[in-house]
Amino acid sequence: MTRTTIKALALTTIAATALTLSGCSPANSSDGDTVTLWIRDYQRELVEPLAEAYNANNETQVEITLVPTPTFVQKLATAVAGGNPPDMASLDLVFTPYFSQAGAMVDITDRVEALPYADDLSPAHVAQAQFDDRVYGVPFTGDASVLFYNKTLFAEAGLDPEDPPSTHAEILEAATAIRVLGGSNYGFAFSGACGGCNIFSFTPLIWASDGRVLSDDGRDAELDSPEVTDALELYRDLWEADTMPSLVRTDNGPNAATAFLEGVVGMRGDGTSFLGTLAAEDQIDFGVAPLPGKDGGSASFAGGDNLSIMAGSENPDGAWDFLQWATDVEAQTILADQSVLPIRLDLLDSIYIPGDPRRQVFADALAVGQVPYSPVENEIFNDNNGVWATMISRAVFDGDIDAAQREAQVSAQSILDEVVYDDEELNR
């Protein structure tokens, strides 16, 4: 899938020109045997085993720098603009368009296309790494959003624990039945004050109904569409029917998960890390199912990271060697052993699904996963005080769905209109 949304993008925080890696090191490259990799601090236990395995068998050595998660994007942009970038960075895939269109990443198109398994890389990750017919990163770690449900509560409520909801109406029906059990039992929970959580678990309810939140070219918001209305109405109906605990209104991430872990919530949307947590604790009989559309179908948000070589890297060839290794069998197996969804579709049956049959749902979801493509995706969707989170909160908890959508559409389009196309510069 080719992205040619913006022909040139100049950010005030980044003033770097991307280099093309086609087999020869750039003039300022060193012949050093070390490459530097920046990761977010919470990824330490995940990525350090990879570096250790790579370093044990390669002359080039990877050195990891841990960067605090909240400041990662800003620090990386500053490092590139200041001419002192790391050789590589592991980025949440939603930020890849921002950096690639800013000229902050090395063009690795030829080498990615030459990989024998290029067509088996996660489609959504690859799409996020593309700009103007060129490729600026490789998929690194995978994730996918699905519906988790408590089989015990389903059975107690008279529901079939082997037949999870496959429409919006069935979600509401199941949640209502579980709430009838009384006490602290609730049917559904989500993190109502978390923008990123809801781009991950709420948007699939829209996509599965053939709706969109942005146009395919990323220029136009579609937050006032009927499909968005349908998804908001589902959550509003769940709230009005008292099937959600009150904590969801202010939860910015952890509390909805905790409630499910305590066995008092029937359903919630989440990803692979939650599967690992539930399986490790082994206290709840749970199932996973695709997130459905209003009348059926399913969709998923493809999460995880892309791995890119930064413009100004002193050792881009050494960095490419690690990038290639990171997408191959050894590295992806190490990740799968840590319950991380591999980004190679051709490896899922052999190194991922055997660890837990419930992983099949995640494997299927990754193959069709989606991500809104925009250099301002974070500003619109991830910000807990931004357009997306505000729309959901107002629609679900205040009940004014029409006004919430109208205002969100105007605000999102205003942000998108600040992106200037056709070889003009963007000054934000």
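Procedures and definitions
Residues numbered from 1 in each chain as written. Predicted model: local features only at pLDDT ≥ 70, side-chain atom pairs only at ≥ 80, totals over all residues. Heavy atoms only, no water. Core = buried A, V, L, I, M, F, W, Y, C linked by side-chain atoms within 4.5 Å. Buried < 20%, exposed > 50% of the residue type's maximum accessible area, 1.4 Å probe, protein only. Helix = DSSP H or I, 4+ residues; strand = E, 2+ residues; numbered from the N terminus. Pairing = 2+ DSSP bridges. Axes fitted to C-alpha atoms, helices over the stretch in contact; angles between N-to-C directions. 1 Å grid on protein atoms, 1.4 Å probe; cavity = no way out; pocket = protein on both sides within 12 Å on 5 of 7 lines; lining within 4 Å. Points joined across faces, edges and corners; volume = space filled by probe spheres on them. Nonpolar A, V, L, I, M, F, W, Y, C, P; charged D, E, K, R; others polar. pLDDT = per-residue confidence, 0-100. Contact = heavy atoms within 4.5 Å. Patch = residues over 30% accessible without salt bridge, like charges linked within 9 Å, V, L, I, M, F, W, Y side chains within 5 Å. Areas by Shrake-Rupley, 256 points an atom, 1.4 Å probe, with all protein chains shown as cover. Salt bridge = Lys/Arg side-chain N within 4 Å of Asp/Glu carboxyl O. Lys, Arg positive; Asp, Glu negative; His and termini not counted. Charge placed at Lys NZ, Arg CZ, Asp CG, Glu CD. Phe/Tyr/Trp six-rings, centres within 6.5 Å; stacked < 30°, edge-to-face > 60°. Lys NZ or Arg CZ within 6 Å of the ring centre and 35° of its normal. Polar contact = N/O pair within 3.5 Å; in protein donor to acceptor, adjacent residues only side chain to side chain.

Participant: How should the nonpolar core be read in this particular structure?
Facilitator: Across soluble globular proteins, nonpolar side chains show a tendency to be buried alongside one another. In this structure, Phe99, Phe148, Phe188, Tyr235 and Trp388 are the most contacted members of the largest nonpolar core, which totals 104 residues. Examining the composition of this core, we find that seven residues originate from one element, helix H18 (residues 387-398), more than from any other. Counting residues in hydrophobic clusters, the runner-up holds 32 residues, among them Leu50, Val106, Phe322 and Ala331.

Participant: When you look at the sheet that holds strand S13 (residues 302-309) in this model, what are you seeing that I'm missing?
Facilitator: Pairing between the strands of a sheet comes from backbone hydrogen bonds, and it takes one of two forms, parallel or antiparallel. Ordered in space as S2-S1-S3-S13-S6, the five strands form an open sheet in which the pairing is mixed. With one partner strand each, in any of the chains shown, strand S2 (61-67) and strand S6 (138-144) form the two edges of the open sheet. Averaged over all adjacent pairs, the angle separating strand axes in this sheet is 20°, with direction ignored. Relative to S13, strand S3 (residues 88-92) is paired through five bridges, and the arrangement is antiparallel. Residue pairing for S13: Leu91 is matched across the bridge by Asn306.

Participant: What is the right way to read the layout of surface pockets from this model?
Facilitator: To locate leftover empty space, one rolls a probe as large as a water molecule over the atoms. In this structure, the largest pocket encloses a volume near 1,400 Å³. Per-element accounting of the lining of the largest pocket gives the leading share, six residues, to helix H8 (residues 195-201). When grouped by side-chain class, the residues that make up the lining of the largest pocket number 17 nonpolar, 20 polar and seven charged.

Participant: Which parts of the structure should I look at to understand the confidence of the model for the protein?
Facilitator: As a note on interpretation, predicted positions should not be read in detail where pLDDT is low. Across the protein, the average pLDDT comes to 91, with 90% of residues at 70 or higher. Confidence drops under pLDDT 50 across residues 22-31; counting only partners more than four residues distant or on other chains, this segment forms 15 contacts.

Participant: Is there a simple way to think about a negative patch on the surface in this case?
Facilitator: A cluster of acidic residues, Asp160, Asp163, Glu170 and Glu173, forms a negative patch at the surface. Summarising the element assignment, Glu170 is placed in helix H7 (residues 168-179). For Glu170, a relative accessible area of 33% translates into the label partly exposed.

Participant: Looking at this model, I keep getting lost on the sheet that holds strand S9 (residues 265-270). Mind explaining?
Facilitator: Taking strand neighbours across the sheet as the criterion, the four strands line up as S8-S9-S7-S10 in an open arrangement whose pairing is mixed. What marks the edges here is a single partner per strand, and that holds for strand S8 (186-188) and strand S10 (286-289). Direction aside, neighbouring strands of the sheet carry axes that sit 20° apart on average. Direction of pairing for strand S7 (residues 146-150) relative to S10: antiparallel, over a ladder of four bridges.

Participant: Any chance you could explain the packing of aromatic side chains here in plain terms?
Facilitator: What characterises a pair of aromatic rings is the spacing of the ring centres plus the angle enclosed by the ring planes. Following the criterion strictly, the structure yields 18 aromatic pairs and no others. Ring plane angle 80° and centroid distance 5.0 Å describe the contact between Phe148 and Phe274, whose orientation is recorded as edge-to-face. On the criterion of sequence distance, the pair formed by Phe148 in strand S7 and Phe274 in helix H12 (residues 272-281) is long-range, its members being 126 residues apart. For Phe148, a relative accessible area of 0% translates into the label buried. Put simply, the rings of Phe188, Phe190, Phe202, Tyr235, Trp239, Phe381, Trp388 and Phe397 touch in pairs and so form one group of aromatic residues. If you follow Arg179 out to its NZ or CZ, it ends over the ring of Tyr186, 4.0 Å from the centre. A cation over a ring is seen here: Arg268 above Phe274, with NZ or CZ 4.8 Å from the ring centre.

Participant: Looking at this structure, how should I read the side chain of Gln409?
Facilitator: Along the chain, Gln409 turns up in helix H19 (residues 401-417). Assessed through its relative accessible area of 14%, Gln409 is described here as buried. Residues in contact with Gln409, not counting those within four places in the same chain, are Ala221, Glu222, Leu223 and Asp224.

Participant: Looking at this structure, I do not really get the environment of Glu63. What am I missing?
Facilitator: Here Glu63 is to be found in strand S2. Placed 292 residues apart in sequence, Glu63 and Gly355 show a C-alpha to C-alpha distance of 30 Å.

Participant: Sorry if this is basic, but what is going on with the pairing of S9 here?
Facilitator: For a regular strand, side chains alternate in direction, first toward one face of the sheet and then toward the other. Among the six residues that make up S9, six are buried, leaving the element largely enclosed by the rest of the structure. With four bridges connecting them, S7 and S9 associate as antiparallel partners. Looking at the pairing, Leu147 lines up with Gly269 of S9. Note: S8 against S9, two bridges, orientation parallel. Its bridge partner being in S9, Phe188 is matched across the sheet by Met267.

Participant: Got a minute to help me understand the environment of Arg134 in this structure?
Facilitator: Mapped onto the elements of the fold, Arg134 is located in strand S5 (residues 134-135). With a relative accessible area of 27%, Arg134 lands in the partly exposed category. With 172 residues separating them along the chain, Arg134 and Asn306 place their C-alpha atoms 15 Å apart. Setting aside chain neighbours within four positions, we find Arg134 in contact with Asp107, Thr109, Asp110 and Ala129. Side-chain polar atoms of Arg134 contact the side chain of Thr109, separated by 3.3 Å.

Participant: Can you walk me through unusual backbone geometry in this structure?
Facilitator: Glycine aside, the phi torsion of most residues is negative, and most peptide linkages are trans. Within the chain, Asp133 stands out as a residue other than glycine whose phi angle is a positive 70°. Looking at the element boundaries, Asp133 is found in the loop between strand S4 (130-131) and S5. Looking at Asp133, the relative accessible area reads 48%, which means it is partly exposed. Backbone geometry places Asp210, a non-glycine residue, at a positive phi of 70°. If you trace the backbone, Asp210 turns up in the loop between helix H9 (203-207) and helix H10 (226-240).

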